[in-house]
Structure formats: structure tokens, C-alpha cells
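Take a look at the letters that make up each chain.
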Amino acid sequence: MTRLARTMRIVALSALLGTGTVTTAPAGDAARQYFPLPTFRVGAYASSGIPVWAGTIDYLRYINEVEGGINGVKLFWDECETEWAVEKGVECYERVKGGRDGSPVPLFLPHGDPVSKALTEKSVADKIPLVTTGYGRTEAIDGRVFPYSFTVLFSFWSEASSAINYIAEQVGGKDRLKGLKIATVYHDSPYGKETQIPLDLLAKTYGFENIQIAVPHPGNDQSAQWARIRQIKPDWVFLRGWGVMTPVAIKTAAKTGFPVDHIIGGIWSGSEEDVRPAGSVGKGYRAITPFPAGQDFEILKKIKAAIVDKGLSDLKDPKSFGSVYYNSGVIEAIIAVEAIRTAQGRFGRKPIDGAQGQWGLEHLVLDEPRLKALGAEGLVQPLRLSVKDHEGGGAGKVLQWDGTQWAAVSHGWVKSDRDLLLPRIYERAAAYAREKGITPRSEETAEAIAR
């Protein structure tokens, strides 16, 4: 194929499928669904963002190319570069919230914990759901108080609880947690501190010693923190980092003699980008995540055949196909598409707006039969959302780094103690409602509004 022919083919595909910058629909074409993407392909966290958005875009292209859209409604999108900065994320939201070319916005993916919190009240006023997978405001699980915030899949509280439950499995049961020392090495930010309350509750419930050790951003030097760990001699370390903090922690732990296979990283300390820079000392490191790595999931095989192998992929580095971050983008897109599909079942096979997208999310059911039909068994945990439960899952898989790739080492999905955590989460949501003067919705009220 000549260079000119190749260029013309790319242009044609861009017009049909969506590009890394802008995909337009004809003016007034309301038969297509707009799907804005606030991406971060440059800046300090670009190495994380690039594979995430490749996974998302590849799945959206798969829906268009293979399935002809969502019930015949094709997707189109554009990207808005945020550099993972709050002000740019908010600016992006304001720019896209009115929709594009006659098509409304069904939901918004903030892709940043600080951005999602900055948009909490705006999203309610604009009736646009914020979907945060594996991050976001934990108390937003209570949709009676936070109608347009969806902490789907795996909140930070569930992350902490599942990590503790995995440790319990390793030591022979929850009764064996008593007397253990479990240290949390955390990014010294609101994100990093988010698990302190649930860990305190879990420590009091199961009798382990809860040790908290802060690491200032960005975490380039952790010698003091790991010297303290060497002195304390904890049984396990729960690592809640982001960016450069994670490989530095792994290398410093190894240098100080702490066994790397007794470190469990949180969601944002569990990607290939986190462990490869640590080199050979990263072998044995574990992490808990709702985004399992691997290429053997049926939907990944379909995407590879229909999108990647045909040169239609947004992915620039083939090694990232099936990575934690790439798969997280696929998972996020599956949830978004299925929420839109659910809303279409109620409001008609047409582009969905934010209020209808909210209904679709609150009635989203991804049970085992549906996951099997999607080819997402084992990739996405079973989910059932409701007005009272905007998380719907609350489980993760533990992966272990073998030196070249991740392998799942937990027995399926490790569930969190939601029965223990939810009452405390609802208390925090109720306190927020009192502070803001919000009258919580009932499920009956929510359904009446939807009608």
C-alpha cells in the first residue's frame, strides 16, 4: 500500500470511527450518540492514560464496527486533554456538557479523583452522571444523596477491605488477623488518605495493628519511610501509590530487606507501568485491582481480531494490549455502553441524555449470563446497581508479578466486607446531605421522577 493510499484509508477510518482528537457527526444528526472523552495523553501521568484510552476507544470502535452501534445507534466522540489537572478537567466538562451536533451527553468519565470531586455538584445541576471506576468519592455509593455520582465497581473502601480479606486468606482465616502488623504506605493526598477510616474499622473488628505511613508527592525518595518499616517489622504492607511512587517503593523495600511478595498494591499501584521500572526486584509483588490483566478474555480476542489486527486500534504500543490499564479502559467502556443500552430499553433506541443515562446506570445489571454474552466473564465482576448502591460490586482480583507479566493468584474475585462498611458509608453520606441541605431521594421518588 502506497503512503498516499494509507493516508486516505486512515482519513476514511477516522471519519467513520473516531480519532484521537475529533470525530464529528453531521449537524443535527441525532441518530448518533455523543461520547466525550476527557483524556490525559501528556503530562506526568501520560504513561497511565495512553493505554487506558486505547482500551476505551478500541471497545467503542468494536461496538460501531462489529455490532453496528448500540441497538443501531452509533457512537462518536472527541478528546479533551486534561493532563490529569483539576482545572483542565472541569474546563473540559464545561466545554462538552451541552453535547455535540445535536446529540446529548449520556455520562462523563472524569478520570481523576480530584476532578470527580470538583464536579460533584455541577453534575447534579446539569443532570450528567459521573462514572468513576476504581476511584471517586466513597460516600457517593449512596445514590439517594449523590444521584449523579457513580463509584462503580470498586471503591477505595472496598479496595482496603478486599486487601485485608486476601491477607486473611493467606494466613488461614480472619481469626488469624489478630495481632498482625499491617502497614499502609500511602500517597499523602486526599486519595491516599481515603482508606484510613475503613482500615481503622477493620483493625478494631479483626484485631490487627493498623500502621499508617505517609509519602509526600511524588514519592521519589522513600528511604525514611522504609527505614521505619524495617524498624517496625510489619507482617504485610498495603501500598497505595500513584505514578513514580510505586516503583520507588518496590525498589526501596527490596533494598531495606522487606519481602516484596508481602506488599499488596492498591488499584493505582498495580499496573505494568508500576512494576517494570522496578526491574528484577519487582518479581513477587502483588496488587489488588478490579482490572485484571490478560488477553485470554473472549471480548479481548474479539477486539484483537476486529480492531487491532485490522489496524484500527488506538493502541500505539502492542505490548500494552491486555495490560491492566488497557483492560481498565475496555471495562469502563463496557459499563458505559451497557448503561446506555439499559436506558434505551426504557426510553427508546435513540441517543440518551444525562437524566436517562442516570436511570440506565441505576438499573444496570451485569450478571453472569450477561457477562458471558458480552465475552467479559472474569474480566468484569458481576454488577447490580440501584438508587441505594452506586458501586454494585465491591470486589477485586489479586495479581502477582512474575518478572514479565501479571498472573491472578486470588481465588476469583476477593469480596469486601460490604455489610460492615455500607452502614458507615451511609452515615457519611447522610452527614454530607445535612451539611449541603440535601433531601435524600427514596427509590420510589427516583422512579417517579424517571416517569
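An account of the accompanying structure is given in this report. (Residues numbered from 1 in each chain as written. Predicted model: local features only at pLDDT ≥ 70, side-chain atom pairs only at ≥ 80, totals over all residues. Heavy atoms only, no water.)

## Topic: the nonpolar core
Alright, step 1. By size, the foremost hydrophobic cluster in this structure holds 107 residues, and its most contacted members are Phe35 and Tyr59.
Alright, step 2. Dropping the residues within four chain positions of it, Tyr59 is found in contact with Ile299, Ile303, Val330, Ala333, Ile334, Val337 and Leu374.
Alright, step 3. Counting residues in each nonpolar core, the second largest holds 13 residues, with Tyr34, Phe76, Val96 and Leu130 among its members. (Core = buried A, V, L, I, M, F, W, Y, C linked by side-chain atoms within 4.5 Å. Buried < 20%, exposed > 50% of the residue type's maximum accessible area, 1.4 Å probe, protein only. Contact = heavy atoms within 4.5 Å.)

## A closer look at the pairing of strand β11 (residues 286–289)
Alright, step 1. Of the two faces of β11, the one lined by Arg286 and Ile288 and the one lined by Ala287 and Thr289 are each fully buried.
Alright, step 2. Sheet topology note: the strand β10 (residues 263–265)/β11 ladder contains two bridges and is parallel. Opposite Ile264, over in β11, you have Arg286 as the bridge partner.
Alright, step 3. Pairing of β11 with strand β14 (residues 395–401) involves four bridges; the strand directions are antiparallel. If you follow Thr289 over to β14, its bridge partner there is Lys397. (Helix = DSSP H or I, 4+ residues; strand = E, 2+ residues; numbered from the N terminus. Pairing = 2+ DSSP bridges.)

## Description of helix α9 (residues 223–232)
Alright, step 1. Residues of α9 that are buried: Gln225, Trp226, Ile229 and Ile232. Relative to the axis of α9, the buried residues are bounded by an arc of 115 degrees and lie together on one face. Summarising the geometry of α9, the exposed residues directed more than 90 degrees from the buried face are Ala224, Arg230 and Gln231.
Alright, step 2. Next to the buried residues of α9 lie β7 (181–187), β8 (209–215), β9 (236–240), α10 (245–256) and β10.
Alright, step 3. Following α9 by one or two positions, Lys233 adopts a phi angle in the positive range, close to 60 degrees. (Arc of directions from axis to C-beta.)

## Section: the layout of surface pockets
Alright, step 1. A volume near 310 Å³ is recorded for the second largest pocket.
Alright, step 2. The wall of the second largest pocket is formed by 21 residues, among which Trp84, Gly112, Asp113, Pro114 and Trp242 lie closest to the centre.
Alright, step 3. In the lining of the second largest pocket, the residues fall into twelve nonpolar, seven polar and two charged. (1 Å grid on protein atoms, 1.4 Å probe; cavity = no way out; pocket = protein on both sides within 12 Å on 5 of 7 lines; lining within 4 Å. Points joined across faces, edges and corners; volume = space filled by probe spheres on them. Nonpolar A, V, L, I, M, F, W, Y, C, P; charged D, E, K, R; others polar.)

## Quick word on unusual backbone geometry
Alright, step 1. Of note, the amide linkage connecting His217 to Pro218 takes the cis form, showing an omega dihedral of 0 degrees.
Alright, step 2. With respect to the secondary-structure elements, Pro218 resides in the loop between β8 and α9.
Alright, step 3. Within the chain, Asp101 stands out as a residue other than glycine whose phi angle is a positive 50 degrees.
Alright, step 4. As for its placement among the helices and strands, Asp101 is situated in the loop between α3 (86–96) and α4 (113–118).
Alright, step 5. Of note, Lys233 is a non-glycine position whose phi angle comes to about 60 degrees, a positive value.
Alright, step 6. By the secondary structure assignment, Lys233 is in the loop between α9 and β9.
Alright, step 7. Given a relative accessible area of 63%, Lys233 falls into the exposed group.

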